[in-house]
Amino acid sequence: MKLLLPLALALCLAVGACGQREHNMAPPASANAASEDADFAMRLVLIEGHLQAGRELIEAGQTQNSLPHFGHPVRELYSDMIPIIVHRNGQQFDRDLIALEGLAARENNSETFRTAFDAALAKVHAARDLIPAEKWASDEFVLALVADTANVASQEYRNALVGGRIDSLIEYHDARAFIFRLSDILAAHQGTDPRLAQASALVAELRAFVEPLNPPNPPRASDVQFEEKAAALRALVGATSAQ
């Protein structure tokens, strides 16, 4: 996944490895709490998606394909999360993800790996509590989160294709996992905004595009078809709710 790498690259290069330094950063300078919450929530969803992809792949016996989904989220996504976790007195989990990558490489789908995976995922889930509960309960917040994440998934899907065929399984699995995660989020959200049903229908269509873990080639949808659905989700955020 290359999309968020520029956000993390400078810091990661400065410390050598994001997971091997002390977390003593000052709080972020931005005072825009709403934007900060939205960005942090999306990064959590992307990390959860990566972990979901890695777990599913390793359970399918595809250990080598699974490995990028454990350590890479730290290198791509985590650096901008560190000051927020510090400022909000949360628990860091970057070292857990890096250790998980090593365990997967050495032990495959062993009991040790599964135990470590569950512990790491629990820490990621706990970080959701660093965002106010009323945000997670907000239909508008969830709709925006879905649209933003689908936009990332669309870019990943486009990057996975060359000449209309799957060229990068890593990026296909990224897109797939992010859409699966959105499907779970919408199913769990108890909202009343009619746009949620529209969002669920669009995500279901996107999910159908990437349902196979081992995709056909050519895939079920072109990058243009995928982006059309992602754009429709973005349009919902700006639309007026017709209660």
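Structure: above.
The present account deals with the structure reproduced in this document. All values reported here derive from a predicted model rather than from experimental measurement. (Residues numbered from 1 in each chain as written. Predicted model: local features only at pLDDT ≥ 70, side-chain atom pairs only at ≥ 80, totals over all residues. Heavy atoms only, no water.)

In terms of helices and strands, the chain carries 12 helices and two strands. The linear arrangement of helices and strands in the chain, starting from the amino end, is α-α-α-α-α-α-α-α-α-β-β-α-α-α. The buried share of the chain, taken over its 243 residues, is 47%. Sequence separation of 24 or more characterises 78% of the internal contacts of the chain that already satisfy a separation of 6 or more. Total accessible area on the chain stands at roughly 10,700 Å², and carbon and sulfur atoms take up 53% of it. (Helix = DSSP H or I, 4+ residues; strand = E, 2+ residues; numbered from the N terminus. Buried < 20%, exposed > 50% of the residue type's maximum accessible area, 1.4 Å probe, protein only. Contact = heavy atoms within 4.5 Å. Areas by Shrake-Rupley, 256 points an atom, 1.4 Å probe, with all protein chains shown as cover.)

Time to look at the packing of helix α11 (residues 195-209) against helix α12 (residues 223-238). Direction vectors running N to C along α11 and α12 enclose 165°, while the axes themselves pass 10 Å from each other. In terms of axis orientation, α11 runs roughly antiparallel to α12. Relative to α12, the crossing made by α11 is left-handed. Residues R195, Q198, A199, L202, V203, E205, L206 and F209 of α11 touch α12, and the partners they reach there are Q225, F226, K229, A232, L233, L236 and V237. A class-by-class count of the residues in the contact of α11 with α12 yields 10 nonpolar, two polar and three charged. (Axes fitted to C-alpha atoms, helices over the stretch in contact; angles between N-to-C directions. Parallel < 35°, antiparallel > 145°, perpendicular 65-115°, else oblique. Left-handed = near helix turned anticlockwise from the far one by under 90°. Nonpolar A, V, L, I, M, F, W, Y, C, P; charged D, E, K, R; others polar.)

With that settled, consider the environment of N159. By secondary structure assignment, the location of N159 is in helix α9 (residues 139-160). With a relative accessible area of 30%, N159 lands in the partly exposed category. Between the C-alpha atoms of N159 and E171, which are 12 residues apart in sequence, the distance is 6.6 Å.

On to the side chain of E48. Considering the arrangement of structural elements, one finds E48 in helix α2 (residues 33-59). Assessed through its relative accessible area of 3%, E48 is described here as buried. If we ignore the near neighbours within four places in the chain, the residues touching E48 are V124, H125, R128 and R181.

If you check helix α6 (residues 94-107), its first and last C-alpha atoms are 20 Å apart, about what 14 residues at 1.5 Å a residue would give, namely 20 Å. Listed in full, the buried residues belonging to α6 are D94, L97, L100, E101, L103 and A104. Taken together, the buried residues of α6 touch α2, α3 (63-66), α4 (68-78) and α7 (111-126). Note on α6: the residue one or two positions beyond its end, N108, has a positive phi of about 55°. (Expected span 1.5 Å × (residues − 1).)

With that out of the way, let us pick up the packing of aromatic side chains. Going through the model one piece at a time under the given rule, you end up with eight aromatic pairs. Pairing F70 with F117 gives two aromatic rings, centres 6.4 Å apart and planes at 85°, and the pair type is edge-to-face. Remark: F117 occurs in helix α7 and F70 occurs in helix α4; sequence separation between them is 47 residues. This pair shows no difference in class: F70 is buried, exactly as F117 is. Plain terms: the ring middles of F209 and F226 are 6.3 Å apart, the flat faces sit at 45° to each other, and that makes the pair tilted. Here F226 lies in helix α12 and F209 lies in helix α11, a separation of 17 residues in the sequence. The pair formed by F209 and F226 is uniform in burial state, with each residue classed as buried. By the ring-pair criterion, three or more aromatic residues cluster together here, those being Y157, Y172, F209 and F226. (Phe/Tyr/Trp six-rings, centres within 6.5 Å; stacked < 30°, edge-to-face > 60°.)

Let us now look at unusual backbone geometry. In the segment running from N217 into P218, the intervening peptide bond is cis, with an omega of 10°. Assignment of secondary structure puts P218 in the loop between α11 and α12. Of note in the backbone geometry, N108 takes a positive phi value of approximately 55° without being a glycine. With respect to the helices and strands, the residue N108 is situated in the loop between α6 and α7.

Here we take up the environment of E107. Within the secondary structure, E107 is located in helix α6. On the basis of relative accessibility, which here comes to 31%, the residue E107 falls in the partly exposed class. Separated by 44 residues in sequence, E107 and T63 have C-alpha atoms that sit 9.5 Å apart. For E107, the side chain forms a polar contact with the side chain of S110, separated by 2.9 Å. (Polar contact = N/O pair within 3.5 Å; in protein donor to acceptor, adjacent residues only side chain to side chain.)

Counting residues in each nonpolar core, the largest one holds 64 residues, and the members touching the most others are F40, L51, F93 and L233. Apart from residues no more than four positions distant in its own chain, L233 is found in contact with V146, A147, A150, A199, L202, V203 and L206. (Core = buried A, V, L, I, M, F, W, Y, C linked by side-chain atoms within 4.5 Å.)

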